[in-house]
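Residue-level structure breakdown
Spelled out from the first residue to the last, the chains are:
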Amino acid sequence: MKIKVVNRGRQPLPAYATGQSAGMDLRANISEPVVLHPMERRLIPTGLYIALPPGYEAQVRPRSGLALKHGITVLNAPGTIDADYRGELGVLLINLSAEDFTVNDGERIAQMVIARHEQAEFETVEVLDETERGAGGYGHTGVK
């Protein structure tokens, strides 16, 4: 699949690290370092603008290394970029650690996964069909 992209930043285009990678790294495109204090959230620009084909979305997800080593994650994970959005891609980072974290220009801050999706049409009914699970949720299946 080809995706049109405008790169107004200084960073290379996102690319798959391996032949089996699901996500591509997104990089910070900032003029000076951004310090994220504990529990602080900031929208970090990437300099990228994309045009996805209809029926697709881009999901912005945390990078596991940043989460494990520094407590940095994507606040609205996964963030969704709709096919009709034409603005700059931004990554909403939050620092869940007890220490400051500095985001530097060019740093890999998130990963982006391109995914197919469907649009649903709701049909109003009076009752739903019965299932074995029923209305059980949030720990309903217990510990095994």
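Description of the structure in this document. (Residues numbered from 1 in each chain as written. Predicted model: local features only at pLDDT ≥ 70, side-chain atom pairs only at ≥ 80, totals over all residues. Heavy atoms only, no water.)

Side note on the sheet that holds strand S9 (residues 90–95)
Strand order in the open sheet formed by 3 strands is S4-S9-S7, with antiparallel pairing between adjacent strands. Each having just a single partner strand, strand S4 (41–45) and strand S7 (72–74) make up the two edges of the open sheet. Between one strand axis and the next, the sheet turns through 35° on average, direction left out of account. Across 5 bridges, the pairing between S4 and S9 is antiparallel. Of the residues in S9, the one forming a bridge with Arg42 is Leu93. (Pairing = 2+ DSSP bridges. Helix = DSSP H or I, 4+ residues; strand = E, 2+ residues; numbered from the N terminus. Axes fitted to C-alpha atoms, helices over the stretch in contact; angles between N-to-C directions.)

Thoughts on the pattern of salt bridges
Summed over all chains, the structure comprises 4 salt bridges. Salt-bridge contacts for Glu40 lead to Arg42; the nearest nitrogen and oxygen are separated by 3.9 Å. Overall, the relative accessible area of 34% leaves Arg42 in the partly exposed class. Salt bridges linked by common partners bring Asp25, Arg63 and Arg108 together as one network. (Salt bridge = Lys/Arg side-chain N within 4 Å of Asp/Glu carboxyl O. Buried < 20%, exposed > 50% of the residue type's maximum accessible area, 1.4 Å probe, protein only.)

Points about the environment of Ala51
Structurally, Ala51 is set in strand S5 (residues 48–51). For the pair Ala51 and Lys4, spaced 47 residues apart in sequence, the C-alpha to C-alpha distance is 5.3 Å. Setting aside residues no more than four positions away along its own chain, Ala51 makes contact with Ile3, Lys4 and Arg86. (Contact = heavy atoms within 4.5 Å.)

Examining the layout of surface pockets
Estimates place the volume of the largest pocket at around 230 Å³. Lining the largest pocket are Met1, Ile3, Val5, Leu13, Pro14, Ala15, Tyr16, Met24, Leu48, Ile50, Met112 and Ile114. When the residues that make up the lining of the largest pocket are grouped by side-chain class, the tally is 12 nonpolar, no polar and no charged. In this structure, the second largest pocket encloses a volume near 200 Å³. As for the second largest pocket, its lining consists of 14 residues, of which Val60, Asn76, Thr80, Ile81 and Gly90 are closest to the centre. Contributions of two or more residues to the lining of the second largest pocket are made by strand S8 (79–81) and S9. Looking at the lining of the second largest pocket, its residues break down into 8 nonpolar, 4 polar and 2 charged. (1 Å grid on protein atoms, 1.4 Å probe; cavity = no way out; pocket = protein on both sides within 12 Å on 5 of 7 lines; lining within 4 Å. Points joined across faces, edges and corners; volume = space filled by probe spheres on them. Nonpolar A, V, L, I, M, F, W, Y, C, P; charged D, E, K, R; others polar.)

A few points about the environment of Glu57
Within the secondary structure, Glu57 sits in strand S6 (residues 56–61). For the pair Glu57 and Arg41, spaced 16 residues apart in sequence, the C-alpha to C-alpha distance is 24 Å. The contact partners of Glu57, leaving out residues within four places of it in the chain, are Leu52, Thr80, Ile81, Val113, Ile114, Ala115 and His117. Separated by 3.1 Å, the side chains of Glu57 and Thr80 make a polar contact. (Polar contact = N/O pair within 3.5 Å; in protein donor to acceptor, adjacent residues only side chain to side chain.)

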